[in-house]
Amino acid sequence: MKKILVTGGSGFIGSNYIRYALNRYPALKVVNLDKLTYAGNPENLRDVEADSRYRFVKGDICDEALVESLMPGIEAVVHFAAESHVDRSIGKPDDFIRTDVFGTFVLLEASRRHGVQRFVQISTDEVYGSTDDSKFRETDPLMPSSPYSASKAAADRLAYSYWVTYKLPVVIPRSSNNYGPFQYPEKLIPLFVTNAIDDKPLPVYGDGLNVRDWIYVADNCEAVDLVLQKGGDGEVYNVGGGNERTNLEITKTILRELGKPESLITHVKDREGHDRRYALDTAKIRGLGWQPRHSFEAAMRDTVSWYRDNRAWWDKLKSGEYLEFYKRHYQREP
Ligand code: NAD
Ligand code: DAU
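No experiment lies behind these values; they were computed from the predicted model shown.

When its domains are assigned, the chain resolves into domain 1 (3–178 + 216–239) and domain 2 (185–212 + 244–272 + 296–329). Relative to domain 2, the C-alpha centre of domain 1 lies at a distance of 26 Å. At the interface, 14 residues of domain 1 touch 15 residues of domain 2. Summed over both sides, the interface of domain 1 with domain 2 buries roughly 1400 Å², with 48% coming from carbon and sulfur. Interface area lost by domain 1 to domain 2 is led by His-85, Asp-87 and Arg-88, which between them contribute 36%. Summed over the shared surface of domain 1 and domain 2, the number is four salt bridges. The interface formed by domain 1 and domain 2 contains eight residue pairs in polar contact (both at pLDDT 80 or more). Sort the elements by how many residues they give to the side of domain 1 that touches domain 2 and helix α3 (residues 86–91) lands first, with five residues. Partitioning the side of domain 1 that touches domain 2 into residue classes produces four nonpolar, six polar and four charged.

Quick look at the site of ligand 2 now. Taken together, 23 residues lie around ligand 2, and Asp-125, Tyr-148, Asn-177, Arg-271 and His-274 are the ones closest in. Residue Glu-126 places a side-chain N or O atom 2.7 Å away from an oxygen atom belonging to ligand 2. A distance of 2.7 Å separates an oxygen atom of ligand 2 from a polar atom in the side chain of Asn-177. Burial of ligand 2 by the surrounding chains reaches 94%, relative to a free accessible area of 690 Å². Looking at the shell around ligand 2, the elements with two or more residues in it are α6 (188–197) and β9 (202–205). Class assignment of the residues belonging to the shell around ligand 2 gives a composition of nine nonpolar, eight polar and six charged. Each of two domains, domain 1 (3–178 + 216–239) and domain 2 (185–212 + 244–272 + 296–329), supplies a minimum of three residues to the shell around ligand 2.

About the criteria used
- One numbering rule holds for all chains: residues counted from 1, following each sequence as written.
- Working convention: letters from A go to chains and numbers from 1 go to ligands, in the order in which they are written.
- In view of the model being predicted, local features appear only for residues whose pLDDT reaches at least 70, and side-chain atom pairs are presented and counted only at 80 or more, with totals across whole chains, interfaces and linings using the full set of residues.
- Each side-chain value is derived from all of the structure's non-hydrogen atoms; neither hydrogens nor water enter the calculation.
- Here the limits of each domain have been adopted from an automatic or database domain assignment.
- Only heavy atoms enter the contact rule, under which two residues are in contact if any of them lie within 4.5 Å.
- Each of two parts loses accessible area, computed with a 1.4 Å probe, when they are put together; buried area is these two losses added.
- The term salt bridge refers to a pairing of a side-chain nitrogen on Lys or Arg with a carboxyl oxygen on Asp or Glu at a separation within 4 Å.
- Here a polar contact is taken to be a pair of N or O atoms separated by no more than 3.5 Å, where protein atoms must pair a possible hydrogen donor with a possible acceptor and residues adjacent in sequence count only if both atoms sit in side chains.
- Helix and strand definitions here come from DSSP, where helices need a minimum of 4 consecutive H or I residues and strands a minimum of 2 consecutive E residues; each element is numbered from the N-terminal end.
- Amino acid classes used here: Ala, Val, Leu, Ile, Met, Phe, Trp, Tyr, Cys and Pro are nonpolar; Asp, Glu, Lys and Arg are charged; the rest, including Gly, are polar.
- We define proximity as follows: a residue is near a molecule or strand when any one of its heavy atoms falls within 4 Å of that partner.
- In short, Shrake-Rupley with a 1.4 Å probe defines the accessible areas, and a residue's cover is counted only from the protein chains shown.

Written out as structure tokens, the structure reads:
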């Protein structure tokens, strides 16, 4: 690929992916279309801004005229842009439906018109819903249970329909929970690390025994690249780190790493409709030659260090809009 359109490239995974792709492919040109919502942050890509191969466009994926104007010369679309936080979707689903569903439709239509060679629909393991004892396979039914995951499931299947109906070469990675640098500090790991640094309580929902499968963001970026290059048309690929942990285990790991006491753990009211466990069977993408290269222990250590060393990055994010949302939604301080 010579030129790709990345949407949502100023967010957590998108910014890690753009940095990875520019490093890996010296001749690649990247256009980043991002609305810069509360979750989008130009600082995430400060180091690549001056690169002549990189172009940033501030705008909305729902803006059909803007998307149309960006398509000439684009060979692939890597579509990360979304409203991504489950708690926000519970409080106010509107933007999730608009961006995650309608925005995806706008991009698919433009890609179809322009004969794009590859459309990577970034999906999530949450589309399967919760499972107590099995690992989801790509062919399992989708049973999303939050407005966020339902909007992602709609986009996932809409993208698939563009392969079946119009032969737009769509590929759909469904990854598990990512962690690493530049993650907005409303998500479990960056919220708890930054709270613990400041000796603030860590609000564990319910009994803290919900399980997520954690993947280091760099491993996910490699998986996205692999399915972009080698994934089958219309195919879905589960992308999991193979690190199932309860939220309490994650919390204690963070506290241990920072040398902080477990007395910071505070059990708070559970999330409405809180999925108990996500787990993925990743045999299909492993068959393409991918496997996670980072151990959970080492990558968590690096992640905690990154937030400890980059206070200037997260300090200002934990104020303003974030504080307003937090107090409104949780009726308490973060
Ligand atoms: P994020 O919230 O950090 O970033 C989302 C980005 O999208 C932001 O830069 C934001 O400004 C941009 N955006 C939002 N609405 C937009 C719009 N209408 N037009 C243009 N840009 C818009 O999200 P993330 O955690 O990096 O997730 C990226 C993608 O990966 C999402 O599609 C998410 O569903 C998916 N995903 C995330 C995880 C995870 O653990 N974070 C796991 C699986 C899948
Ligand atoms: O599984 C992939 C998904 O992972 C992505 O599709 C989503 O975009 C991403 O946000 C993430 O969703 P989760 O709901 O799993 O992530 P979150 O970090 O919000 O929560 C992780 C777990 O921690 C979950 O069980 C809820 C719990 N939690 C979270 C927060 C923010 C707490 O106990 N306390 C908290 O304050």
